[in-house]
Amino acid sequence: LVLITFINFCRKHLPNNFHHAMASVNEEQNAMPPPRRSKRLKSVQPTPVAAKSHASSETKPPTVKKAPPKPKKKTTKKKKKEEAFIDRILDERGGAEYDDKSSDENKQQKKGRKKKQKRKKIPHQYLCSWVDGAEPQWIDASCLEGTPALEEWEEAEDEVEETHDSPAIVSSKCSILCEWVKEAKRPSFLLGAGISAPVLATFRGKAGLWTKKAHENPLAEKKASAAQPTKAHRALTALERAGRVNWVATQNYDDLSVRSGFPASKLSELHGNIFTETCSKCARVYHRDYEVPLDDSVDHETGRTCDDTDCGGDLRDNIVHFEESLPWHELKMANCKFVGSDLTIVLGSSLRVEPAASLPFKSKRRNKSLAAKTVIVNLQTTHFDDEADLIIRATCDEVLDFVAKALVGESWDDSSPEIVFID
């Protein structure tokens, strides 16, 4: 009776969907859960293969389609870097845009249509030569960073353009120079590398050793021991014997002035002599027939000692390097002679290295009463051109040959002395 009363109560007071909810709960409890599989035991079931029978020809087993293979990623193999030794850099290109006109654009421009020119960027590259003699090749600038070849290229100077006066102008200017040399009482000459240009490479001249075109100079590898004095050297010696030269200061260490017969008593070798070595103890000077400096020299030592048994001092070359002082006696004599000179002539110098560059202008700046004149004979412009009274754009051989013929005689070069080395 109690149970029937409870059931009737539930029917009256509980919601209608209660019975449906209870029925769904019972169904879920009665349903069997799926079998659980262990991940460790999980395996792929082999596909059933039908046994060979007569019926296999009529009913084919289901074929299993293979999944398409995944596309392989493209792997770029790193190329092994080939080691090669660069001799030097020959040229440079890139880093700037240039105009590239195609033939179609030219045709359209002819028709009157204006079209913007296409611009292409050239990568920054250097043309390099190789130690093994292989053909030069363009190399990206990024591959040469920090290399000695690039440092040498960046330190090299750009070539300065050379200009030549016409033969008529050269003749006219040389005639004026001859008159000045005749009138001068104390003419002094400053020699640069240009006077030796026919036999030795210059430094800042055309394809000079310190320029970026040095590799184009056929004289770049020639040594001073294989060179002979030029016509300008011999002409200067002839003029000195005729009493037309008071003093010569040279910036060259090639010994060509001495070997041409010019007296050492009137010569200041401001930058040394490559054939001379001096004893560090007794100061005895040795003049050799070979170049005395060593590439790996320490404190200018040449590896030889004095011939005097009582001395035995170390011998040193007298080549003056950058940031080194000039020899005191040589510079003192050059200063005295150029200050008192009434005519100074520069032969083949760019006048870039001090204190030698200022020597030809000291008499004009200090003794204005002398009315001193300055002449520059050089194919390139210099920083002192504005102070010069006469500039001749010609070679030293041309100018001094003209002057020697006018002041010494037409046959001045016939009696040139035999060139010998003095030990």
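Residues numbered from 1 in each chain as written. Predicted model: local features only at pLDDT ≥ 70, side-chain atom pairs only at ≥ 80, totals over all residues. Heavy atoms only, no water.

**Q** How do you make sense of the overall build of the protein when you look at a structure like this?
**A** In terms of regular secondary structure, the protein is built from 10 helices and 15 strands. Counting across all 423 residues of the protein, residues that qualify as buried make up 34%. Of the contacts made within the protein by residues no fewer than 6 positions apart, 63% connect residues no fewer than 24 positions apart. On the protein, roughly 29100 Å² of surface is accessible, and the fraction owed to carbon and sulfur atoms is 52%. (Helix = DSSP H or I, 4+ residues; strand = E, 2+ residues; numbered from the N terminus. Buried < 20%, exposed > 50% of the residue type's maximum accessible area, 1.4 Å probe, protein only. Contact = heavy atoms within 4.5 Å. Areas by Shrake-Rupley, 256 points an atom, 1.4 Å probe, with all protein chains shown as cover.)

**Q** Teacher, can you tell me more about the side chain of S268 here?
**A** Among the secondary structure elements, S268 is positioned in strand 8 (residues 267–269). Of note is the side chain of S268, whose polar atom sits 3.3 Å from the backbone oxygen of E330. Sequence-distant contacts of S268, defined by excluding residues within four places in its chain, comprise W247, V248, A249, T250, E330, M333 and A334. (Polar contact = N/O pair within 3.5 Å; in protein donor to acceptor, adjacent residues only side chain to side chain.)

**Q** Looking at this structure, how should I read helix 10 (residues 396–407)?
**A** Turn by turn, an α-helix covers 3.6 residues, leaving residues three or four places apart pointing in a common direction. For helix 10, with 12 residues, the first-to-last C-alpha span of 16 Å sits near the 16 Å given by 1.5 Å per residue. Inspection of helix 10 places C396, V399, L400, D401, V403, A404 and L407 among the buried residues, and these make up the whole buried set. Of the surrounding elements, those touching the buried residues of helix 10 are helix 5 (167–183), helix 6 (231–241), strand 13 (343–347), strand 14 (373–377) and strand 15 (390–392). Immediately beyond the C-terminal end of helix 10, within one or two residues, lies G409, with a positive phi of roughly 140°. (Expected span 1.5 Å × (residues − 1).)

**Q** Hey, could you run me through the environment of W130 in this one?
**A** Take W130: it is sitting in strand 4 (residues 125–130). Sequence-wise, W130 and F85 are 45 residues apart; in three dimensions their C-alpha atoms are separated by 6.0 Å.

**Q** Help me understand the sheet that holds strand 14, please; the structure alone is not making it clear to me.
**A** The strands making up a sheet associate through hydrogen bonds between their backbones, and the pairing can be parallel or antiparallel. Here we have 6 strands laid out as an open sheet, ordered 8-7-6-13-14-15, and parallel in their pairing. Two strands close off the open sheet at either side, each with one partner strand: strand 8 and strand 15. Going from strand to strand, the sheet's axes swing by 15° on average, the running direction of each strand aside. Direction of pairing for strand 14 relative to strand 15: parallel, over a ladder of 3 bridges. The partner of V377 across the bridge, within strand 15, is I392. Strand contacts of helix 8 (residues 328–339): strand 6 (187–191), strand 7 (247–250), strand 8 and strand 13, with the helix running at about 130° to strand 7, the strand carrying the most contacts. (Pairing = 2+ DSSP bridges. Axes fitted to C-alpha atoms, helices over the stretch in contact; angles between N-to-C directions.)

**Q** Just to check I follow, could you spell out the nonpolar core for this structure?
**A** Nonpolar side chains tend to gather and get buried jointly when the protein is soluble and globular. In this structure, L177, L347 and V375 are the most contacted members of the largest nonpolar core, which totals 34 residues. Contributing elements (two or more residues each) for this core: helix 5, strand 6, helix 6, strand 13, strand 14, strand 15 and helix 10. The residues contacting L347, other than those within four sequence positions of it, are F189, L190, L191, G192, I195, V377, C396 and L400. (Core = buried A, V, L, I, M, F, W, Y, C linked by side-chain atoms within 4.5 Å.)

**Q** Would you explain the packing of helix 5 against helix 10 in this entry?
**A** When two helices pack together, their arrangement is given by the angle between the helix axes and by the axis-to-axis distance. One can describe the packing of helix 5 onto helix 10 by two numbers: an axis separation of 10 Å at closest approach and a directional angle of 55°. When the axes of helix 5 and helix 10 are compared, the pair comes out oblique. Handedness of the helix 5/helix 10 crossing: right-handed. Across from S171, C174, S175, L177, C178, V181 and K182 in helix 5, the residues of helix 10 making contact are V399, F402, V403, A406 and L407. (Parallel < 35°, antiparallel > 145°, perpendicular 65-115°, else oblique. Left-handed = near helix turned anticlockwise from the far one by under 90°.)

**Q** Which parts of the structure should I look at to understand a negative patch on the surface?
**A** A surface patch of negative charge is lined by D87, E92, E151, E152, E154 and E155. Residue assignment for the negative patch shows that the elements contributing at least two residues are strand 1 (86–93) and helix 4 (148–155). It is helix 4 that provides the largest number of residues to the negative patch, a total of 4 residues. Looking at the secondary structure, you find E155 in helix 4. (Patch = residues over 30% accessible without salt bridge, like charges linked within 9 Å, V, L, I, M, F, W, Y side chains within 5 Å. Salt bridge = Lys/Arg side-chain N within 4 Å of Asp/Glu carboxyl O. Lys, Arg positive; Asp, Glu negative; His and termini not counted. Charge placed at Lys NZ, Arg CZ, Asp CG, Glu CD.)

**Q** Got a minute to help me understand the confidence of the model for the protein in this structure?
**A** Residues of the protein with pLDDT of at least 70 account for 74%, and the chain-wide mean is 77. pLDDT under 50 marks residues 416–423. Its contacts with residues more than four places away, or in other chains, come to 14 contacts. (pLDDT = per-residue confidence, 0-100.)

**Q** What is the right way to read helix 5 from this model?
**A** With 17 residues, helix 5 should cover 24 Å at 1.5 Å per step; its first-to-last C-alpha distance of 25 Å lies within 8% of that length. When we look at burial in helix 5, the residues that qualify are V170, C174, L177, C178, W180 and V181. Looking straight down helix 5, one finds its buried side chains confined to an arc of 165°; they lie on one side. Seen from the open side of helix 5, the exposed residues pointing more than 90 degrees away from its buried face are A168 and E183. (Arc of directions from axis to C-beta.)

**Q** Sorry if this is basic, but what is going on with the state of the cysteines here?
**A** Two cysteines form a disulfide when their sulfur atoms are joined by a covalent bond. Evaluated as defined, the whole model comprises 0 disulfides. Looking at C311, it has no disulfide partner, and the nearest cysteine sulfur is the one in C279, 3.5 Å off. A residue is classified by how much of its surface remains accessible, and C311, at 16% relative accessible area, is buried. (Disulfide = S-S within 2.5 Å.)

**Q** Explain unusual backbone geometry to me, please; I cannot follow it from the model alone.
**A** Trans is the common state for peptide bonds, and a negative phi is the common state for residues other than glycine. Following E354, the chain continues into P355 via a peptide bond in cis, with omega recorded as 5°. Summarising the element assignment, P355 is placed in the loop between strand 13 and helix 9 (362–366). In the Ramachandran plot, D255 falls in the positive-phi region, its phi being about 70° despite a non-glycine side chain. Turning to its location among the elements, D255 is positioned in the loop between strand 7 and helix 7 (256–259). Positive phi, normally seen in glycine, also occurs at A283, with a value near 65°. Looking at the element boundaries, A283 is found in the loop between strand 9 (276–279) and strand 10 (285–287).

**Q** Explain the packing of aromatic side chains here, please?
**A** Two aromatic rings are characterised by how far apart their centres lie and by the angle between their planes. Applying the stated criterion across every chain yields a total of 1 aromatic pair. Between F361 and F384, the ring centres sit 4.8 Å apart and the planes meet at 15°, which makes this aromatic pair stacked. You can see F361 sitting in the loop between strand 13 and helix 9 and its partner F384 sitting in the loop between strand 14 and strand 15, a full 23 residues away along the chain. Take F384: its relative accessible area is 11%, and that puts it in the buried class. The ring of W180 has K373 lying over it, and the distance from NZ or CZ to the ring centre is 5.5 Å. (Phe/Tyr/Trp six-rings, centres within 6.5 Å; stacked < 30°, edge-to-face > 60°. Lys NZ or Arg CZ within 6 Å of the ring centre and 35° of its normal.)

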